[in-house]
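Okay, here's what each chain looks like letter by letter:
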Amino acid sequence: MTMREFQPLLPSSSNPLPKLWLLSDERNDEALEDALTSMPGGSGFIYRHYYLDDAERLARFRQLSHLAKSRGHWVILADSALTAREWGADGIYGAPRALYPRRKDLFQLATAHNLHEIGLANRLGADAVLLSPVFATRSHPGAPSLGPARFRMLARHATMPVIALGGMNAARAEALQWPHWAAIDGLS
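Residues numbered from 1 in each chain as written. Predicted model: local features only at pLDDT ≥ 70, side-chain atom pairs only at ≥ 80, totals over all residues. Heavy atoms only, no water.

### Points about the overall build of the protein
For the protein, the helix and strand inventory stands at 6 helices and 8 strands. Going from N to C terminus, the protein has its helices and strands arranged as β-α-β-α-β-α-β-β-α-β-α-β-α-β. Whereas a compact globule of 188 residues would reach a radius of gyration of roughly 16 Å, the protein reaches 16 Å, a difference of no more than 12%. Principal-axis analysis of the C-alpha atoms places the extent of the protein at approximately 45 × 35 × 35 Å. Put simply, of all contacts in the protein between residues at least 6 apart along the chain, 52% involve residues at least 24 apart. On the protein, roughly 9,400 Å² of surface is accessible, and the fraction owed to carbon and sulfur atoms is 53%. Within the protein, the 18 negative side-chain charges are centred at a point lying 10 Å from the centre of the 20 positive side-chain charges. (Helix = DSSP H or I, 4+ residues; strand = E, 2+ residues; numbered from the N terminus. Rg over C-alpha atoms; globule rule 2.2 N^0.38 Å. Contact = heavy atoms within 4.5 Å. Areas by Shrake-Rupley, 256 points an atom, 1.4 Å probe, with all protein chains shown as cover. Lys, Arg positive; Asp, Glu negative; His and termini not counted. Charge placed at Lys NZ, Arg CZ, Asp CG, Glu CD.)

### Comments concerning the environment of Val162
Along the chain, Val162 turns up in strand β7 (residues 162-164). For Val162, a relative accessible area of 5% corresponds to the buried category. Each C-alpha atom, one on Val162 and one on Val129, is 5.0 Å from the other, the two residues being 33 residues apart in sequence. Setting aside chain neighbours within four positions, we find Val162 in contact with Val129, Leu131, Phe151, Ala155, Trp178 and His180. (Buried < 20%, exposed > 50% of the residue type's maximum accessible area, 1.4 Å probe, protein only.)

### A word on the layout of surface pockets
Quantified by volume, the largest pocket comes out at close to 440 Å³. Of the residues contributing to the lining of the largest pocket, the split by class is 9 nonpolar, 9 polar and 5 charged. (1 Å grid on protein atoms, 1.4 Å probe; cavity = no way out; pocket = protein on both sides within 12 Å on 5 of 7 lines; lining within 4 Å. Points joined across faces, edges and corners; volume = space filled by probe spheres on them. Nonpolar A, V, L, I, M, F, W, Y, C, P; charged D, E, K, R; others polar.)

### Here's the deal with the packing of aromatic side chains
Applying the stated criterion across every chain, the model contains 7 aromatic pairs. Look at Trp21 and Phe107: their rings are 6.5 Å apart centre to centre, the planes differ by 15 degrees, and that puts the pair in the stacked class. Taken together, the residues span a long stretch of sequence, with Trp21 in strand β1 (residues 20-23) and Phe107 in strand β5 (residues 107-112) at a distance of 86 residues. On the basis of relative accessible area, Phe107 is assigned to the buried category, the value being 1%. Cluster of aromatic residues (ring-pair linked, three or more members): Phe45, Tyr47, Phe61 and Trp87. (Phe/Tyr/Trp six-rings, centres within 6.5 Å; stacked < 30°, edge-to-face > 60°.)

### Regarding unusual backbone geometry
In the segment running from Tyr100 into Pro101, the intervening peptide bond is cis, with an omega of 0 degrees. Mapped onto the elements, Pro101 comes out in the loop between β4 (91-94) and β5. Going from Ser132 to Pro133, the amide bond is cis rather than trans, its omega being -10 degrees. Relative to the helices and strands, Pro133 is located in the loop between β6 (128-131) and α5 (147-155). A positive phi angle, close to 55 degrees, is found at Gln177, a residue other than glycine. Of note, Gln177 is situated in the loop between α6 (170-176) and β8 (181-183).

### Regarding the nonpolar core
Residues Phe45, Leu131 and Phe151 are the most contacted members of the largest nonpolar core, which totals 44 residues. If one sorts the elements of this core by residue count, helix α2 (residues 54-70) sits on top with 4 residues. Excluding anything up to four places from it in sequence, Leu131 contacts Ala112, His113, Asn114, Ile118, Leu146, Phe151, Leu154, Ala155, Val162, Ile163, Ala164 and Leu165. Counting residues in hydrophobic clusters, the runner-up holds 16 residues, among them Ile46, Ile76, Ile163 and Leu165. (Core = buried A, V, L, I, M, F, W, Y, C linked by side-chain atoms within 4.5 Å.)

Here you go:
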């Protein structure tokens, strides 16, 4: 597929922002196929796999992307816009500054942990932001979490949709009563 043929998914009335997102990680790699298959169609998948060398990372991306797209999921790549276009991802994921300059042909999903990073995501025009950690996580044991009240306070400052991340699973998402959430372990 050439870059001219590639048409990424972007939010629209017929294609709303996914409510559920899965992030890849070394510790959930073996469960990703099952998780992608069991998620509702049209969910989001953020491919990271930083631990693999370039050739292995691309090969694994192709496997998972094919499965995800067959289920109607959005596929977001934690990498550059150029790589996302070459690999056929729908968008890019990273710190707000990594998403600059604004690209209209790719969905841009920023990470944020505090008010400063939300402000950067706002100014740099991210399409959505993952705000974390809402709750304690296995990936950062003992690190402080935002908690529901601080999460909501910070989310109010975002000018784009906010996706809750960090210790999230279906029960916590329901208790938080937040429309968009993401997980690493909580879905795999």
